[in-house]
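An overview of the molecular structure
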Amino acid sequence: MPDIFYGFLGLFIGSFLNVCIHRIPREESIVYPPSHCPECGMRLCARDLVPVLSYLALGRRCRECWSPISAKYPFVELLAGVAFWLAASQSENEVMLLKNFIFLSGMIVVIFTDLEHMIIPDAISLPLLGAGLVFAALPAVAEFAGMTLPAAVPGIKESALAAAAGFGGFYALAVIGELLLKTEAMGGGDIKLAAAMGAFLGWRLLFLGLFLAFLYGSVIGLALVAARGGRARQAIPFGPMMAAGGVTALFFAEPVLAWYAGLLDNLWSIT
Ligand SMILES: [Zn+2]
């Protein structure tokens, strides 16, 4: 199957991720009722559900009540399309591809739910944690059933250790942060997300992803302070940084590490 096919698949999955982003934080079912306009309740039909194109064809408005449709919807669809395309071009086998699809879908849902609601629901992070561990355990389970599957990366040992490290590390950060800042610095959602990311990525990519998350957080935090003329202390959710860091680590570990090594070399030659 050509990689671009998976890009198109990603557009449709992105459409479903929009439903998850809208409904999971509201504790609504993600399958029932069918998609409808959040303003007037009009049920969407097939021609309203084509990713990106429906949004453009409808002139960015609901056909019934004319309330504007958020640009977030086509954006999420495009994001999922590009992510799935990249995953297809980089995954070594079908099992890894499916695993990466699930990881990427989870990270997209985390980014937008946390931005919108400042929460990472357990209904997202815990199934992700479970899925990461299951994928890591798959080859061993398959062998038991007399089948052979390609080796999982990371394997079950590393996956479980990285999940525990993510959980423990962020739990410690939360405790220290609360002592130092006298306010909740790291939410329970972030701790469980770190565990889920560890299960999927293994410890190498988890550390790289979290390093990038702190980098993104600092850059965006500084930019916000600059934009607001020095007034800080506005809570920025950290989940989206973690998810974005994890996705960057998954796709671009080698170029990022090469960049970092080059940076160190340059610093070295200056001093
Ligand atoms: Zn409407």
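As the structure is a computational prediction, the values presented were derived from the model and not from experiment. Position labels on residues start from 1 in each chain and follow its written sequence. Two thresholds apply to this predicted model, a pLDDT of at least 70 for residue-level local features and 80 or more for giving and counting side-chain atom pairs, whereas whole-chain, interface and lining totals are computed over all residues.

1. Some remarks on the overall build of the protein
Worth spelling out the cut-off: Numbering of helices and strands runs from the N terminus, with a helix taken as a DSSP run of H or I at least four residues long and a strand as a DSSP run of E at least two residues long. Atoms considered for the radius of gyration are the C-alpha atoms alone. The globule rule reads 2.2 Å times the number of residues to the power 0.38. Buried, partly exposed and exposed are defined by the number of other C-beta atoms within 10 Å of a residue's own C-beta, namely 20 or more, between the two limits, and 12 or fewer respectively, with C-beta atoms placed from the backbone.
The helix and strand tally for the protein stands at eight helices and zero strands. Across the protein, helices and strands are ordered from the amino to the carboxyl terminus as α-α-α-α-α-α-α-α. Relative to its length of 271 residues, the protein is compact, with a C-alpha radius of gyration of 20 Å against a globular reference of 18 Å. Per-residue burial for the protein yields a buried fraction of 34% across its 271 residues.

2. Some details on the packing of helix α5 (residues 122-144) against helix α7 (residues 188-227)
Threshold: For helices, the axis comes from a line fit to the C-alpha atoms of the stretch in contact; other axes are also lines fit to C-alpha atoms, and the angle between any two N-to-C directions lies between 0 and 180 degrees. Here is the rule for angles: anything less than 35 degrees is roughly parallel, anything more than 145 is roughly antiparallel, 65 through 115 is roughly perpendicular, and the remaining ranges are oblique. The hand of a helix crossing depends on one turn: near helix anticlockwise from the far one by less than a right angle means left-handed, and clockwise means right-handed. In this description, a residue-residue contact is defined by the distance between C-beta atoms placed from the backbone, which must lie within 7 Å. Only Asp, Glu, Lys and Arg are considered charged, only Ala, Val, Leu, Ile, Met, Phe, Trp, Tyr, Cys and Pro nonpolar, and every remaining residue, Gly among them, polar.
For the pair α5 and α7, interaxial distance at closest approach is 8 Å and the crossing angle is 20 degrees. As the angle between them shows, α5 and α7 are arranged roughly parallel. For the element pair α5 and α7, the recorded crossing hand is left-handed. Taken together, the residues of α7 that come into contact with α5 (itself represented by Asp122, Ser125, Leu126, Leu128, Leu129, Gly132, Leu133 and Ala136) are Gly189, Lys192, Leu193, Ala195, Ala196, Ala199 and Phe200. When grouped by side-chain class, the residues that make up the contact of α5 with α7 number 10 nonpolar, three polar and two charged.

3. Brief notes about the nonpolar core
Inclusion rule: Any set of buried Ala, Val, Leu, Ile, Met, Phe, Trp, Tyr and Cys residues joined through C-beta atoms within 7 Å is what this text calls a nonpolar core. Domain boundaries shown here were taken from an automatic or database domain assignment.
Residues Ala80, Phe84, Leu104, Ile108 and Met242 are the most contacted members of the largest nonpolar core, which totals 58 residues. Elements with a contribution of two residues or more to this core: α1 (3-23), α3 (72-90), α4 (94-117), α5, α6 (156-181), α7 and α8 (239-270). At 15 residues, α7 tops the list of elements feeding residues into this core. Shared between two domains, this core takes at least three residues from each, and those domains are domain 1 (1-90) and domain 2 (123-271). Aside from chain neighbours lying at most four places away, what touches Met242 is Asp190, Leu193, Ala194, Met197, Leu210 and Ala213.

4. Comments concerning the environment of Val110
By the element assignment, Val110 lies in helix α4. For the pair Val110 and Met241, spaced 131 residues apart in sequence, the C-alpha separation works out to 9.9 Å. Among residues more than four places away in sequence, those in contact with Val110 are Ile120, Ile124, Leu193, Gly239 and Ala243.

5. Things to note about the packing of α5 against α6
Following both chains from N to C, one finds α5 and α6 inclined at 160 degrees, their axes separated by 8 Å at the closest point. Classified by the angle their axes make, α5 and α6 are roughly antiparallel. In this structure, the crossing between α5 and α6 has a hand that is left-handed. The residues of α6 that touch α5, namely those facing Leu129, Gly132, Leu133, Ala136, Ala137 and Ala140, are Ile156, Ser159, Ala160 and Ala163. For the contact of α5 with α6, the per-class residue count stands at eight nonpolar, two polar and no charged.

6. Things to note about unusual backbone geometry
Residue Tyr32 is joined to Pro33 through a cis peptide bond whose omega torsion reads -5 degrees. Tracing the backbone through its elements, the reader meets Pro33 in the loop between α1 and α2 (53-57). Cis rather than trans, the peptide bond between Val153 and Pro154 has omega equal to -5 degrees. Position of Pro154 relative to the elements: it lies in the loop between α5 and α6. Here Trp66, not a glycine, exhibits a phi torsion of approximately 65 degrees, which is positive. Looking at where Trp66 falls in the secondary structure, it is placed in the loop between α2 and α3. With 11 C-beta atoms counted inside 10 Å, the residue Trp66 sits in the exposed group. Its identity is not glycine, yet Met118 carries a phi of approximately 55 degrees, on the positive side.

7. A short note on the confidence of the model for the protein
To be explicit about the condition: Every residue carries a pLDDT, the predictor's confidence in it, which falls somewhere between 0 and 100.
Model confidence for the protein is summarised by a mean pLDDT of 92, while 98% of its residues fall at 70 or above. Looking across the protein, the model is least confident in α8, with a mean pLDDT of 92, and most confident in α3, with 97.

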